[in-house]
Amino acid sequence: MQRLIPALLCLALATPVLGAPKKPPAPPPLPAAAETAKRERDALQGAAKALMDFAEEAGGGESAQSAVSLVQKLYPGDPDVNAVAERLAALEEAPAPPELEAKRGKAFAAAAAALAAWGDWLAQRRSPAVADWAYGLAVELGDPAATGKREALKALLEAFGKDATKGIGPASREGGHLRSKAAGSGYSFVFSLPNDWSPEHPWPLVFSPHGTEMGWGMKDRDEISQLIYCEGLRRAGFVLASFRDPVMAAGQLPDEKKSSQTMEEMVDFMALCFRVHPRQVFVHGRGSGALCGWAYLEHRPEQLAGLEFTMGKFHGLSRIKPGSPACDAPIRIGICLAANPDQVTGGHKQSEFDAVHVGMMENAFKTVQRLKFTRAEWMEDKHYQDRDAAWFQACVAERAPRWKDAAKPKKPKK
């Protein structure tokens with residue numbers, strides 16, 4: 001009996017625990033942007049290869065043209081695909097023999113399987129918009145199961161659509177942006193999407209960390225002011241993002257480690273949910289925000305398609321060693337244009353500031369043998385002209401994905 005009482009007591013204490021409702025399963029951890037990019041590349045390139053191989057073997061006809069037109073949806077603007085499409089369109093259409101139709105069925109089924117598998121992975125990671133697009137392509141390729149998968153996504157897609165709509169349009173202090181928080185650093189970040197955003201192709205991203213003590217110093221105004229500053233880039237088709245560094249908002253230099261951690265998490269998040277291309281990331285650093293750009297260039301040089309500094313601090317450049325991968329990033333300096341050419345800017349008249357600032361920058365670049373430095377240009381404050389956006393667009397074009405890239409053999413390490 002004496003042994004039974006402790007046993008019953010233990011059972012009584014354990015019963016509420018055993019009967020407590022189970023916690024919902026935690027969402028899967030956010031995959032790194034590199035994994036997201038690899039899965040997307042493998043899926044799209046696998047589908048494209050199956051369709052292009054069939055089109056080349058068919059040598060023309062409606063079936064071959066339909067295969068290539070689907071590849072154009074996977075890689076819009078790819079010159080290799082466009083060249084094949086033009087060549088096939090110029091050929092006379094001939095009736096396809098039965099054996100060629102059988103090969104067409106196999107090619108389309110293989111492409112559909114690659115895209116549907118990618119859609120399954122996206123759906124499990126709560127990326128309904130891109131998953132729906134992948135399933136839609138699988139439906140076009142004749143996969144009947146993909147229709148049911150799209151139906152299952154409807155509820156998630158509706159909620160996603162409402163959130164995404166908030167992030168489309170000019171940023172302002174009242175709205176027009178989305179907000180989230182980086183788990184590692186705890187920093188809050190905001191982002192805004194182009195008006196014509198869709199998951200049909202990857203999008204470039206511009207980070208714009210705010211500078212030190214920008215004059216707001218309260219709530220979310222610092223990072224929203226940065227989205228407003230870069231509004232011309234959003235109109236040109238770039239996703240915009242900024243984050244709040246409480247240290248900089250208090251008038252101190254940024255915590256570069258935390259800022260890099262925030263930007264890395266942001267790329268992971270945007271690559272998965274909004275199909276931002278993880279190698280088409282720009283940093284626009286204004287004032288001390290430029291230090292965040294130098295830090296991220298050291299941290300993830302392969303991601304950066306370019307850096308732009310507007311009145312930026314550049315002494316982070318001294319840490320970049322000659323021959324480093326960081327030396328491959330194109331750099332542009334934008335110097336704000338004041339209404340009065342003799343207005344004092346940063347302790348100098350504007351007419352003097354160009355020679356002083358640019359001279360120091362050019363000397364620094366010569367020191368590290370950086371070859372992609374673009375000479376500074378005047379730009380209007382809070383507004384990007386066509387020529388300013390054109391520099392970013394040219395950098396994106398150089399790094400645009402091509403369907404054959406994934407098939408190139410990797411160079412062996414020495």
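Residues numbered from 1 in each chain as written. Predicted model: local features only at pLDDT ≥ 70, side-chain atom pairs only at ≥ 80, totals over all residues. Heavy atoms only, no water.

Novice: Would you explain the nonpolar core in this entry?
Specialist: A general trend in soluble globular proteins is that nonpolar side chains are found buried together. Ranked by size, the top nonpolar core spans 42 residues in total, and within it Phe191, Leu193, Phe207, Met270, Phe274 and Leu297 carry the most contacts. Elements with a minimum of two residues in this core: α8 (154-166), β2 (188-192), β3 (203-207), β4 (239-243), α12 (256-273), β5 (276-286), α13 (289-299) and β6 (304-310). Aside from chain neighbours lying at most four places away, what touches phenylalanine 274 is Phe160, Ala164, Leu178, Phe191, Leu193, Trp197, Trp203 and Phe269. Counting residues in each nonpolar core, the second largest holds 41 residues, with Leu51, Met52, Phe54 and Tyr75 among its members. (Core = buried A, V, L, I, M, F, W, Y, C linked by side-chain atoms within 4.5 Å. Buried < 20%, exposed > 50% of the residue type's maximum accessible area, 1.4 Å probe, protein only. Helix = DSSP H or I, 4+ residues; strand = E, 2+ residues; numbered from the N terminus. Contact = heavy atoms within 4.5 Å.)

Novice: Would you explain the pattern of salt bridges in this entry?
Specialist: Pairs can form between side chains of opposite charge once their charged atoms are near each other. Per the counting criterion, the structure on display carries 15 salt bridges. Here lysine 166 and aspartate 163 are joined by a salt bridge, their closest N and O atoms 3.8 Å apart. Of this pair, lysine 166 and aspartate 163 are both found in helix α8, three residues apart, which corresponds to roughly one turn of the helix. Judged by relative accessible area, aspartate 163 falls into the partly exposed class, the value being 39%. Between glutamate 302 and arginine 300 there is a salt bridge, with the nearest N and O atoms lying 2.5 Å from each other. The buried category is assigned to arginine 300, whose relative accessible area is 18%. Taken together, the salt bridges that share partners define one network made up of Glu264, Arg300 and Glu302. (Salt bridge = Lys/Arg side-chain N within 4 Å of Asp/Glu carboxyl O.)

Novice: Honestly, helix α15 (residues 386-398) in this entry has me stumped. Any pointers?
Specialist: Count 3.6 residues to each turn of an α-helix, and residues three or four apart come out pointing the same way. A rise of 1.5 Å per residue sets the reference length of α15, with its 13 residues, at 18 Å; its end C-alpha atoms lie 18 Å apart and thus fit the reference within 8%. What α15 keeps buried is the set Asp388, Ala389, Trp391, Phe392, Cys395 and Val396. Take α15 and look down its axis: the buried residues cluster within an arc of 145°, on one side only. Of the exposed residues in α15, the ones pointing more than 90 degrees away from its buried face are Asp386 and Glu398. (Expected span 1.5 Å × (residues − 1). Arc of directions from axis to C-beta.)

Novice: Teacher, can you tell me more about the pairing of β6 here?
Specialist: For a regular strand, the rule is simple: side chains alternate between the two faces of the sheet. Most of β6 sits out of view: seven of its seven residues are buried. Summarising the sheet, β5 and β6 pair through six bridges and their orientation is parallel. Of the residues in β6, the one forming a bridge with glycine 285 is phenylalanine 309. Where the polypeptide runs from β5 across α13 and back to β6, its parallel neighbour, the crossover connection is right-handed. (Pairing = 2+ DSSP bridges. Right-handed = clockwise from strand over helix to strand, strands pointing away.)

Novice: Can you help me understand the packing of helix α2 (residues 33-58) against helix α5 (residues 98-124) in this one?
Specialist: The packing of two helices is summarised by the inter-axis angle and the distance between the axes. Relative orientation of the contacting elements α2 and α5 amounts to 170°, with a least axis distance of 9 Å. As summarised for this structure, α2 and α5 are arranged roughly antiparallel, according to the angle between their axes. Residues Glu35, Thr36, Arg39, Glu40, Ala43, Leu44, Ala47, Ala50, Leu51, Phe54, Glu57 and Ala58 of α2 form the contact with α5, whose participating residues are Leu100, Lys103, Arg104, Ala107, Phe108, Ala110, Ala111, Ala114, Leu115, Trp118 and Trp121. Taken together, the residues of the contact of α2 with α5 break down into 16 nonpolar, one polar and six charged. (Axes fitted to C-alpha atoms, helices over the stretch in contact; angles between N-to-C directions. Parallel < 35°, antiparallel > 145°, perpendicular 65-115°, else oblique. Nonpolar A, V, L, I, M, F, W, Y, C, P; charged D, E, K, R; others polar.)

Novice: Any chance you could explain the layout of surface pockets here in plain terms?
Specialist: Its volume calculated, the largest pocket comes out at about 1200 Å³. What lines the largest pocket is a set of 41 residues, and nearest its centre among them are His277, Arg279, Arg399, Ala400 and Pro401. Of the residues in the lining of the largest pocket, the class split is 19 nonpolar, eight polar and 14 charged. (1 Å grid on protein atoms, 1.4 Å probe; cavity = no way out; pocket = protein on both sides within 12 Å on 5 of 7 lines; lining within 4 Å. Points joined across faces, edges and corners; volume = space filled by probe spheres on them.)

Novice: Would you take a moment to explain the packing of aromatic side chains for this structure?
Specialist: Following the criterion strictly, the structure yields 14 aromatic pairs and no others. Pairing phenylalanine 160 with phenylalanine 274 gives two aromatic rings, centres 5.4 Å apart and planes at 35°, and the pair type is tilted. Separated by 114 residues along the polypeptide, phenylalanine 160 in helix α8 and phenylalanine 274 in the loop between α12 and β5 bring together distant segments of the chain. Classification of phenylalanine 160 as buried rests on a relative accessible area of 14%. (Phe/Tyr/Trp six-rings, centres within 6.5 Å; stacked < 30°, edge-to-face > 60°.)

Novice: What is the right way to read the side chain of serine 185 from this model?
Specialist: Tracing the backbone through its elements, the reader meets serine 185 in the loop between β1 (178-181) and β2. The class of serine 185 is buried, set by a relative accessible area of 11%. Here tyrosine 187 takes part through its backbone nitrogen, which lies 3.2 Å from a polar atom of the side chain of serine 185. Of note is the side chain of serine 185, whose polar atom sits 2.5 Å from the side chain of threonine 262. Discounting residues that sit within four places of it in the chain, serine 185 has contacts with Lys258, Gln261, Thr262 and Glu265. (Polar contact = N/O pair within 3.5 Å; in protein donor to acceptor, adjacent residues only side chain to side chain.)

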